[in-house]
Structures are given as structure tokens and as C-alpha cells.
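Below are the chains, spelled out letter by letter.
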Amino acid sequence: MKSHKTPQTMKPATAAKKLGVYLEATPAEFQEGVVSRTELNALQTDPPEWLVELRRNGPHPRPVVAAKLGISIAGLARGGVTEALTTEQIDALKEEHPEWLERERATQAEVRKEAIRIKEKNAERADQPHRPRS
């Protein structure tokens, strides 16, 4: 008796997230179907023109927008950015240097510094011999 393996599939939203693209900007056939792991791997290794274009020009999902601006997703929301943005719109924001963007970049820099400090502190603790508690 052989068991047949069914291919692992995912919803289009999950596939779009893994590809780093905005779902609503993908072709209708992508949005309406399911994506197998094999299809996802094929899209990643040999992306079709629509995927290359989306990654280059957008619209980009919020995590990508936040990364391109050097801020957090929450920082985007605090800045009033709730929609997907194109590369052109992101570049325009960088040029404008609005006050909220500078503030969020400073906040993000502080968060990164703190994360490094905690990591180093934990590494120091791991290197120290354990002392019994009294």
C-alpha cells in the first residue's frame, strides 16, 4: 500500500508575503489560485517579468516599505503611511525628509543599538562560569 504525498500548498497571501510583493498588485491568476511549494521555489529562482517588475517598482507591502525607509512597520503607521507605496513614492519620501521619518529612523537606530547591547550582555553571561545561588 503506497501513500500518495500531496504537494504542500499555500494561500496566495502567504506566497506573496514570502515573495515580498503586494498581493493586490499580482496578476489575477496568482491571487485566485493556490501556490505549491514547487511553484514558489520556481518563482523565487526564475521570477517571471511581472514579479521582477513588482519587486523593482512596487507597489510594495508595508514590511518592504519600512525596510526601504529604514524604519519599523509601526513607525510607518505613526507617520500616517497605511497603504502600499511604489518605489517612486518611497524615493520621494526619502528626498522630502519629513520630520516623522527622521524621528522614526532615530528610534529605529536606538532599537538596533539596544538589541546589540542586550546580545553582547547575554554573550558575556554565557561566557561566565555559573555560580551556585546562595
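Read on for a plain summary of the structure. (Residues numbered from 1 in each chain as written. Predicted model: local features only at pLDDT ≥ 70, side-chain atom pairs only at ≥ 80, totals over all residues. Heavy atoms only, no water.)

**Some details on unusual backbone geometry**
(1) Moving on: Put simply, G58 and P59 share a cis peptide bond, and its omega is 10°.
(2) Moving on: Tracing the chain through its elements places P59 in the loop between helix 4 (49–57) and helix 5 (62–69).
(3) Moving on: The phi angle at H97 is positive, at roughly 50°, despite the residue not being glycine.
(4) Moving on: With respect to the helices, strands and loops of the structure, H97 is situated in the loop between helix 7 (87–96) and helix 8 (99–127). (Helix = DSSP H or I, 4+ residues; strand = E, 2+ residues; numbered from the N terminus.)

**Some remarks on helix 1 (residues 12–19)**
(1) Moving on: Buried within helix 1 are the following residues: P12, A15, A16 and L19. The arc enclosing the buried residues of helix 1, seen along the axis, measures out at 100°, which places them on a common side.
(2) Moving on: Elements that come into contact with the buried residues of helix 1 comprise strand 1 (9–10), helix 2 (28–32), strand 2 (35–36), helix 3 (37–45) and helix 4.
(3) Moving on: Of the residues trailing helix 1, G20 is marked for its positive phi of about 75°. (Buried < 20%, exposed > 50% of the residue type's maximum accessible area, 1.4 Å probe, protein only. Arc of directions from axis to C-beta. Contact = heavy atoms within 4.5 Å.)

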